[in-house]
Structures are given as structure tokens and as C-alpha cells.
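Understanding the architecture of this molecule
Below are the chains, spelled out letter by letter.
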Amino acid sequence: MKQLTVIFTILTALLLATSCSKEELPGDENTDEPGQMQTYTFTVSPDLTMEGDAETRSEGTQEEMPTRCFMQIFGNNVSQDVQQSESIENGSFTFSVKLPNTTYTFLFWADNGSGDTPTDLQEVQYTPGTVAFAAKVVNTPENVIKSGVSLKHAVTKLSLKTTAATSASEGESIKVTTTCATTYNVADLSVSSPSAYTAIKTFNASTNFAANENIATFYFLPQNETQSVDVEFHLLKQSIESVPLAANTHVTLQGNLSENNSKWGATSEYVQKQIEHFFLKEDGNSKGTPGDGGNYFYLQRNDIDKFESVIGAILHEEVEISLDKNLTILEKEFEDGYIFTISNNTTIEILTIFINYTSMYKISYSSYDTGYDSFTIVSDVLEQSTK
């Protein structure tokens, strides 16, 4: 379902790379004759802007800053081990190398992760949810110093913005699930080893969001330039197809993220919560008259719309119940094998709600079974919640 629209604005990247000239380096009296070993010190800087960033955004947040940077050098009979930056200052990393001034392939990887140091930048293990940068430079050390090294995002930044006011309760989560690559090859800027990944933001306190406010931001190492994304909020779920999750791109999914949006689909957790909301008393016991196969309620036949409204609220969708249809009249299976079923027995005029094929609640609409508790003790809950 393409219920959330994709906002994708191209923004010219601002180069933040700094450079230092060879003349600034101490002890640089050596000549640059071929084969002459020299020590070169240069800086590597992350470009924090991304395609799709708002025009007013000039720099990233502290959470987007890489905290470590790695380099690996190949070429001219050189194959160095991965080297970690000696220092970081003003967001830039410093490296020193001792090499003849000939052409090499320099590979760089930076992230804000805390995992193991990569042993090969041609096979970096990416930690899902972290911000990562990469760059490949083919040049001489002297020219690398002159030009500087600017790292580009290897990841996609995905933001969720609501067009309607909504809120999150303490401990509630918003989730985004998509395919995430877990291995990155800086040598050819490619990804591999995809797997499903769910990014989660949990709210530590009750939070209100105004219309057009950003709710959450996530980072992925995208497997494909377009792929499907599942969004889950308020225990409801929505799928969006063909989302452009390209590297170095900020994508905003915008739509009504309030619970009132009818485009959401229920999850099993949402259904269970709603059943408890409607059918259980404050003490946790079930409403209704106890009997064989569950608790019983009486509903006048011409009040079937009340039953439809309750079931619709449980499943978060419009529901139409036909009392002329016998046996199973509605069945919903959810992602974890949770099954919600309603059957109708036209002979004895009883609707039965099954949970995982176990009879839980029976609603009689027969004029001969008026002695059961009225179904209004269930349907009135819906009316109270809308006041």
C-alpha cells in the first residue's frame, strides 16, 4: 500500500573536507623522487549533507557524526593492514603514512559504531542502525593531501513525518522493517549479505507530535535502490512499496501516522489489546454470562451494526456481518500465526468469536435467548471512547 508519500528533494552536497598543504608538514625537506620514502599526514572529513536534506540544513546532528575512521592502502606492492585514525578534531580524522610518492588506492570507512575493528575494508561488517561513511581515492599521497578526502554516506537516512497530530505513550515503539545489507566493500562501493532488519525507536516518556512534525529517523545500508518498507506504530502496520533507499540519500515518508488513519492494518498485538479493552472487566475477568464454549451476550438482531462496529474497532477496518451466511463469515490470520475467526450458526442464531480456533465469546441474536448479559456492556465501550 502506498499510503505514505515519499518526499525526495535533491540538495547539492556541501563539501566539508579540509586539506593541509605539503608545505605545512614538519620534516618535509625530502625530495619527492620516485621511490623516496616520506611521511605524509592528511585529514579525512565526513560530508554530513545528503541528497534529500532540507535546504535549511547545513550540517548533521551530533548523533550523525562518525566517531572512528579506518584506512587501508593497496597498490605498488603495498597491501597494508587496516589503520585506525590517530586523532579526531572538529569532526575530521588524521592519518599518517610513510610511502614513496606514487599512486595508490586508498580506502576509507567511518562510522559511529562500537563493534570490532574491521580487518579488511573490502569486507566491512556493518552494524544496522549506525551511520556509516566511505570513500575510495586513487592518487599519490601528495595529491591526497592537496585535495583532501571527503567521506560520503554509505547509508540511507529514513525519516517518518506525520501529517496529523498524534502521540506516543511511555514505552511505546515505532518500527521500520526493510532489507538491510550487512557487508560493505569500499573498493567498489558495493553491498552484500542482505537480511530483514527492524529498526526500533522506543519512547521513554509520553510524547505529543504536532502535524508535520518528524517522529523518528533511522539508518539503513540499503540492499537495493528501491525496496518495500513496513512501518509499525500504535501496534498498527502499513507497507509502502518502491521506496528509494539509495546510499547518501535522505528519504522522508510522510503521511497520517495517527491511530485514526484507516489505512493502517492491525497486528495480532493490536487485536489482542482491543479484545481485552472491549471484553474484559477492570478486574481482568471476562464480561458476559459464563457458559459452554465461552461467555454469552444477547444482541437484538436489528442492532447488528453495534457488533460490526466493535469488530471493526478490534481489526481496525470496516466490517460487514451477514446474519444470513452460515458457518465461517470472517477470518483473519496475522503475522505470527494468530487467527481471529467469527462463525455464524443460522439455526440457533448465535455468532461465535474464536481465537486460534478456541471458542471465546458467543453473541445470541435469537429472541428466545434474551437472558444473557446485554452486548451493550461491550459496545458502550466504543461509544465512551469516542466521546
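Residues numbered from 1 in each chain as written. Predicted model: local features only at pLDDT ≥ 70, side-chain atom pairs only at ≥ 80, totals over all residues. Heavy atoms only, no water.

This part takes up the environment of Glu 86. Summarising the element assignment, Glu 86 is placed in the loop between strand 5 (83–84) and strand 6 (87–89). By relative accessible area, Glu 86 is classed as exposed at 52%. Each C-alpha atom of the pair Glu 86 and Phe 70 lies 9.6 Å from the other, and the pair is 16 residues apart in sequence. Look past the residues within four positions of Glu 86 in its chain and what remains in contact with it is Thr 94 and Ser 96. (Helix = DSSP H or I, 4+ residues; strand = E, 2+ residues; numbered from the N terminus. Buried < 20%, exposed > 50% of the residue type's maximum accessible area, 1.4 Å probe, protein only. Contact = heavy atoms within 4.5 Å.)

Let us look at the nonpolar core. One finds Phe 108, Trp 109, Phe 279, Phe 307 and Phe 340 to be the most contacted residues of the largest nonpolar core, which totals 99 residues. If you tally residues by element for this core, the top one is helix 3 (residues 304–315), at seven residues. Those residues in contact with Phe 279 that lie beyond four places of it in its chain are Asn 285, Ser 286, Lys 287, Phe 297, Val 310, Ile 314, Ile 353, Tyr 361, Phe 375 and Val 378. (Core = buried A, V, L, I, M, F, W, Y, C linked by side-chain atoms within 4.5 Å.)

Both strand 23 (residues 294–298) and strand 27 (residues 358–364) contribute to a ladder of four bridges, which runs parallel. Across the sheet, residue Asn 295 finds its bridge partner in strand 27, namely Tyr 361. Examined bridge by bridge, strand 26 (residues 350–355) and strand 27 share six bridges and lie antiparallel to one another. Following the sheet pairing, Leu 351 is matched in strand 27 by Ile 363. The turn joining strand 26 and strand 27, which pair antiparallel and follow one another in sequence, is formed by two residues; a positive phi near 50° is taken by Asn 356. (Pairing = 2+ DSSP bridges.)

Of note, Arg 68 is situated in strand 3 (residues 68–75). Among the polar contacts made by the side chain of Arg 68, one reaches the main-chain carbonyl oxygen of Gly 113 at a distance of 3.5 Å. In contact with Arg 68, other than residues within four places in its own chain, are Gln 84, Phe 93, Trp 109, Ala 110, Asp 111, Gly 113, Ser 114, Gly 115, Asp 116 and Thr 117. (Polar contact = N/O pair within 3.5 Å; in protein donor to acceptor, adjacent residues only side chain to side chain.)

With that settled, the discussion passes to helix 2 (residues 268–279). For helix 2, with twelve residues, the first-to-last C-alpha span of 16 Å sits near the 16 Å given by 1.5 Å per residue. Taken together, the buried positions of helix 2 are Ser 268, Tyr 270, Val 271, Gln 274, Ile 275, Phe 278 and Phe 279. Buried residues in helix 2, looked at end-on, bunch into an arc of 155°, giving them a common side. (Expected span 1.5 Å × (residues − 1). Arc of directions from axis to C-beta.)

So, about unusual backbone geometry. The backbone of Leu 189 shows a phi angle near 55°, a positive value even though the residue is not glycine. Inspection of the secondary structure assignment puts Leu 189 in the loop between strand 14 (173–185) and strand 15 (190–202).

Before going further, it helps to examine the packing of helix 2 against helix 3. Geometrically, a packed helix pair is captured by the angle between its two axes and the distance between the axes. In the contact formed by helix 2 and helix 3, the axes pass within 8 Å of each other and the chain directions differ by 145°. Where helix 2 approaches helix 3, its residues Tyr 270, Val 271, Gln 274, Ile 275, Phe 278 and Phe 279 are matched on the opposing element by Val 310, Ala 313, Ile 314 and Leu 315. Looking at the contact of helix 2 with helix 3 residue by residue, the class counts come to nine nonpolar, one polar and no charged. (Axes fitted to C-alpha atoms, helices over the stretch in contact; angles between N-to-C directions. Nonpolar A, V, L, I, M, F, W, Y, C, P; charged D, E, K, R; others polar.)

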